[in-house]
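Letter by letter, the chains look like this.
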Amino acid sequence: MTTQNPISFISKKELPNFKLKYINLMEIGQGGPEVGNVYIDDKKVPTYLFGGPFLLSDGYVYMPVYLKSFFYKGFKIAKVSIENLKVEILGSYENLINLYKIDENYIYYYKDINDIQQGKLKIK
């Protein structure tokens, strides 16, 4: 089981090359995952509501992104460029995404709060 999860994660982090913070965090349903706006170096990452925890790799921040439309609602994985804040949405909808590891080609995550159901997504 990971120490951070979508309900309890670090909302401010100062790293050697940048700082990241979540603001306006809110629960999706009572006791559900939290999502909010994300700022990198005090610039807002546009358009989306992001959850946590996040992972870093090769100039990108990977984090759950909450998407809601008439037909679907749930989480996908967002790949956010630290340099220009461009957001790329990856993967398919999940009820929950708890990122825990990145290797050269894949990002790994749990699909449930008990860290039992695993998923992985090819990122390169």
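What counts, and at which threshold
- Residue indices begin from 1 for each chain and proceed along its sequence in written order.
- Residues qualify for local features only when their pLDDT is at least 70, as the model is predicted, and side-chain atom pairs are given and counted only at 80 or more; totals for whole chains, interfaces and linings, by contrast, use all residues.
- Calculation of side-chain values draws on the structure's entire complement of heavy atoms; hydrogens and water are dropped beforehand.
- The helix and strand labels rest on DSSP assignments: H or I over at least four residues marks a helix, E over at least two residues marks a strand, and numbering proceeds from the N terminus.
- Only protein chains enter the area calculation, which uses a 1.4 Å probe; residues under 20% of their type maximum are buried, those over 50% are exposed, and those in between are partly exposed.
- Here Asp and Glu are counted as negative and Lys and Arg as positive; His is not counted, and neither are the chain ends.
- Salt bridge, as used here, is a side-chain nitrogen of Lys or Arg placed within 4 Å of a carboxyl oxygen of Asp or Glu.
- Being paired, for any two strands, means DSSP has found at least two bridges between them.
- Axes here refer to lines fitted to C-alpha atoms; in helices the fit is confined to the stretch in contact. Angles between the N-to-C directions go from 0 to 180 degrees.
- Residues form patches when they are more than 30% accessible in relative terms and have no salt bridge. Like charges link within 9 Å. Nonpolar side chains (Val, Leu, Ile, Met, Phe, Trp, Tyr) link within 5 Å.
- Shrake-Rupley sampling with a 1.4 Å probe provides the accessible areas, and residues are treated as covered by the protein chains on show and by no other component.
- Whether two residues touch is decided by their heavy atoms; if any such pair falls within 4.5 Å, the residues are in contact.
- As used in this structure description, the phrase polar contact means that two N or O atoms lie within 3.5 Å; if the pair is within protein, one of them must be able to donate a hydrogen and the other to accept it, and residues adjacent in sequence are counted only when both atoms belong to side chains.

## Topic: the side chain of Lys-79
Along the chain, Lys-79 falls in strand β8 (residues 73-81). An unpaired buried charge is present at Lys-79: no salt bridge exists, and Glu-88, the closest side chain of opposite charge, is 4.1 Å distant.

## With respect to the sheet that holds strand β10 (residues 98-102)
Taken together, 3 strands build an open sheet; the order of strands is β10-β11-β12 and the sheet is antiparallel. For this open sheet the edge positions go to β10 and β12 (118-122), each flanked by a neighbour on one side alone. Averaged over all pairs of adjacent strands, the angle between their axes in this sheet comes to 30°, without regard to strand direction. Of the strand pairs in this sheet, strand β11 (residues 106-110) and β12 are connected by 5 bridges, and their pairing is antiparallel. In the strand pairing of β12, Tyr-106 is matched with Lys-122.

## A closer look at a nonpolar patch on the surface
Residues Phe-70, Phe-71 and Tyr-72 make up a contiguous nonpolar surface patch of about 490 Å² in total accessible area. Inspection of the secondary structure assignment puts Phe-70 in the loop between β7 (60-68) and β8.

## Concerning the environment of Ser-81
One can find Ser-81 in strand β8. Of the residues examined, Ser-81 reaches a relative accessible area of 10% and is grouped as buried. Counting along the chain gives 26 residues from Ser-81 to Leu-55, while the straight-line C-alpha distance between them is 12 Å. Setting aside residues up to four positions removed in sequence, Ser-81 forms contacts with Gly-59, Tyr-60 and Lys-86. At a separation of 3.3 Å, a polar atom in the side chain of Ser-81 contacts the main-chain amide nitrogen of Glu-83.

## Considerations on the pattern of salt bridges
Summed over all chains, the structure comprises 4 salt bridges. Residue Lys-19 is joined to Asp-42 by a salt bridge in which the shortest nitrogen-to-oxygen separation is 3.2 Å. Here the residue Lys-19 occupies a position in strand β2 (residues 19-27), and Asp-42 occupies one in the loop between β3 (34-40) and β4 (43-44), the gap between them amounting to 23 residues. The partly exposed category is assigned to Lys-19, whose relative accessible area is 33%. In this structure Asp-42 comes out as partly exposed when scored by relative accessible area, which is 46%.

## Topic: the pairing of β7
Counting buried residues along β7, 7 of its 9 residues qualify, which places the element largely inside the surrounding structure. The pairing of strand β6 (residues 55-57) with β7 spans 3 bridges and is classified as antiparallel. Note that in β7 the partner of Ser-57 across the bridge is Tyr-60. Sheet topology places β7 next to β8; 9 bridges connect them, and they run antiparallel. Across the sheet, residue Val-61 finds its bridge partner in β8, namely Val-80. Here β7 folds back onto β8 in antiparallel fashion, the turn holding 4 residues.

None of this, on its own, says anything about what the molecule does.
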